[in-house]
Each structure stands twice: as structure tokens, then as C-alpha cells.
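# Survey of secondary and tertiary structure
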Amino acid sequence: AQSVTQLGSHVSVSEGALVLLRCNYSSSVPPYLFWYVQYPNQGLQLLLKYTSAATLVKGINGFEAEFKKSETSFHLTKPSAHMSDAAEYFCAVIHGSGNTGKLIFGQGTTLQVKP
Amino acid sequence: DAGVIQSPRHEVTEMGQEVTLRCKPISGHDYLFWYRQTMMRGLELLIYFNNNVPIDDSGMPEDRFSAKMPNASFSTLKIQPSEPRDSAVYFCASSFGGVHSYEQYFGPGTRLTVT
């Protein structure tokens, strides 16, 4: 069965610093992987997705993630944090063979950006 | 497109009352998901539908919860009778299950408070 593990429930960075949010996956089939962001009092919004094409995926708001099969990782990065990036971030993997549409979400990582 | 629409946005009710949450998915999407989010348990999938048919309701907490999707543009989640521990934010999401898709689009959520 597919699953994802997000390392670190809280990450704090200074404005302008590198953002690195970690996600490791477990999957018996080639995975489809996603990163979502949730701003306060809002629903989740898709940041980016990996669907077995390019291993480096670029998303919205300057975020990107790299799929590394050897490390079973899909970490999210942004070169320079902005105050508006403060939010909760969720990594997710498609359940099963991809035909169910069901996503398995990680527990989330709260990103704090300090001025 | 207006995105996923949920109503009401906020609901305050007394223990024992019936609560009905509503969702209108994005037109053309064939999957609909109901989630619950709390501080303690994070984001939980309650049930999801494909082409209006319930596929997996294993996340529904107990018989007090029921969900329906009478047509492609409307779904309800009902709690009867409601209890204080049902207090949470309930999200509806929809997706299109085509190849290389499956990203889910979330509504703004309904914040339920049961007193």
C-alpha cells in the first residue's frame, strides 16, 4: 500500500532563506506524488505534482520538488522564503494503481517564516 | 469555473441536532471526496464517490454519518445526531480521474461547531 511520511511537523526559516520540506514515500508501483498547501482558514491548494515525467517538477509560487527514486523522496524546496509562504504543507501519493483517484496525505508540515 | 462550492461556511449547532453539509463539485469532475480536519487527527478521508457511486466509505466514523450524491453536481454529508467530538472543518474536494490527472480541488470548507 502507498504511504507518505513528512519529516518534521514544524519548520521555521527566516525570510529569504531556503525552504526545505521533506517527504518520503512508500509505493509498490511507480507513484504519482503531490504537494498541497493550506493557508489559514482555507482549503488545500495544489502546489505541484509528479506523474512519472520529468523528475524535477516546478510548481506555483516558486516552489519545486525533485523525485528521487533511489531515496524514495519527494522533497519540496524554494530558494528564498517569503512571509506569504507561511502555511501548512501536505505531501500526498495516489492510492493503488492510480485508477481510484484516492490520495493518501501525510500529516502535514507547518512552515513558519520569520522576518 | 467557480471551483468547489461548500455551504454553509460555518455551522454552530447543539448536541443531538442534525447537521447537513453541502457540496457542489467542479463541473466535469467524476470524483468527489469528503474530508474532515482536526488538530488532533489531521486530515481524514471520510468517503469518496466516483460517478455518483460511493466507492470507499471506510473513513466514515460511525452510523451517525451518511453521505449521498444524487447527481453529478451535488453531494451532502449528514450527521445525525451530532456530538461535540464532531466539531471540525469538513472539506469537499473533486477531481477528474483521467490519465495523468487526479489532482484534487478543494472547497473552502465548512467549520462545524457542536456545543
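In short, a report on the structure. (Residues numbered from 1 in each chain as written. Chains lettered and ligands numbered in written order. Predicted model: local features only at pLDDT ≥ 70, side-chain atom pairs only at ≥ 80, totals over all residues. Heavy atoms only, no water.)

Residues and elements named next belong to chain A. Tracing the sequence through the fold places A87 in strand β9 (residues 87-94). Relative accessible area serves as the criterion here: at 8%, A87 is assigned to the buried category. The spatial distance from the C-alpha of A87 to the C-alpha of Y39 is 4.8 Å, given a sequence separation of 48 residues. (Helix = DSSP H or I, 4+ residues; strand = E, 2+ residues; numbered from the N terminus. Buried < 20%, exposed > 50% of the residue type's maximum accessible area, 1.4 Å probe, protein only.)

Membership of the largest hydrophobic core comes to 27 residues, with the highest contact counts inside it found for W35, L76 and Y89 of chain A. Listing elements by their share of this core, those giving two or more residues are β2 (10-14), β3 (19-26), β4 (33-38), β5 (44-50), β7 (64-68), β8 (73-78), β9 and β11 (109-114) of chain A. Once residues lying within four places of it in the same chain are set aside, the contact partners of L76 of chain A are V19, L20, L21, W35, L47, L48, F63, E64, A65 and Y89 of chain A. Counting 21 residues, the second largest nonpolar core, distinct from the first, contains M69, L77, A88 and C92 of chain B. (Core = buried A, V, L, I, M, F, W, Y, C linked by side-chain atoms within 4.5 Å. Contact = heavy atoms within 4.5 Å.)

Now for unusual backbone geometry. Glycine aside, residues mostly have negative phi angles, and peptide bonds mostly take the trans form. Look at the link from S7 of chain B to P8 of chain B: it is a cis peptide, with omega at -10 degrees. By secondary structure assignment, the location of P8 of chain B is in the loop between β1 (5-7) and β2 (10-13). Across the junction of Q80 of chain B and P81 of chain B, the peptide omega takes the value -10 degrees, indicating a cis bond. Looking at the secondary structure, you find P81 of chain B in the loop between β8 (74-79) and β9 (88-95). Even without a glycine there, the phi angle at N41 of chain A is positive, about 60 degrees.

This part is about the state of the cysteines. Residues and elements named next belong to chain A. Under the definition given, this model contains 2 disulfides over all chains. With a sulfur-sulfur separation of 2.0 Å, C23 is cross-linked through a disulfide to C91. Judged by the sign of its S-S torsion, about -65 degrees, the cystine formed by C23 and C91 is left-handed. In this pair, C23 sits in strand β3 while C91 sits in strand β9, placing the two residues 68 residues apart along the sequence. (Disulfide = S-S within 2.5 Å.)

Before going further, it helps to examine the interface of chain A and chain B. Each side of the interface is counted separately: chain A has 23 residues, and chain B has 20 residues. The interface formed by chain A and chain B holds 1 salt bridge in total. The residue K49 of chain A makes a salt bridge to E103 of chain B at a minimum N-O spacing of 2.8 Å. The interface formed by chain A and chain B includes 4 residue pairs in polar contact (both at pLDDT 80 or more). Secondary-structure elements contributing two or more residues to the side of chain A that touches chain B are β4, β5, β9 and β10 (103-105) of chain A. Looking at the side of chain A that touches chain B, its residues break down into 9 nonpolar, 11 polar and 3 charged. (Salt bridge = Lys/Arg side-chain N within 4 Å of Asp/Glu carboxyl O. Polar contact = N/O pair within 3.5 Å; in protein donor to acceptor, adjacent residues only side chain to side chain. Nonpolar A, V, L, I, M, F, W, Y, C, P; charged D, E, K, R; others polar.)

Evaluated as defined, the whole model comprises 16 aromatic pairs over all chains. Each ring, one from F33 of chain B and one from Y48 of chain B, has its centre 5.2 Å from the other, and the planes form 20 degrees; the classification is stacked. You can see F33 of chain B sitting in strand β4 (residues 31-38) and its partner Y48 of chain B sitting in strand β5 (residues 42-50), a full 15 residues away along the chain. The residues F33 of chain B and Y48 of chain B share a single accessibility class, namely buried. An aromatic cluster is built from F34, Y36, F90 and F105 of chain A together with Y31, F33, Y35, Y48, F91 and F106 of chain B, whose rings are joined through pairwise contacts. (Phe/Tyr/Trp six-rings, centres within 6.5 Å; stacked < 30°, edge-to-face > 60°.)

Below, the discussion takes up the sheet that holds strand β7 (residues 65-71) of chain B. All names here are of chain B. Strand order in the open sheet formed by 4 strands is β1-β3-β8-β7, with antiparallel pairing between adjacent strands. The open sheet has two free edges, formed respectively by β1 and β7, since each of these has just one partner strand. Pairs of neighbouring strands in the sheet enclose a mean axial angle of 15 degrees, with direction left out of account. Here 5 bridges tie β7 to β8, and the two strands are oriented antiparallel to one another. Its bridge partner lying in β8, N71 is registered against F74. (Pairing = 2+ DSSP bridges. Axes fitted to C-alpha atoms, helices over the stretch in contact; angles between N-to-C directions.)

Of the pockets and cavities examined, the largest pocket occupies roughly 760 Å³. Lining the largest pocket are 31 residues, with Q38 and E88 of chain A together with Q37, T38 and M39 of chain B positioned closest to its centre. Those elements giving two or more residues to the lining of the largest pocket turn out to be β9 and β11 of chain A together with β4, β5, β9 and β11 (110-114) of chain B. The class makeup of the residues in the lining of the largest pocket is 12 nonpolar, 16 polar and 3 charged. (1 Å grid on protein atoms, 1.4 Å probe; cavity = no way out; pocket = protein on both sides within 12 Å on 5 of 7 lines; lining within 4 Å. Points joined across faces, edges and corners; volume = space filled by probe spheres on them.)

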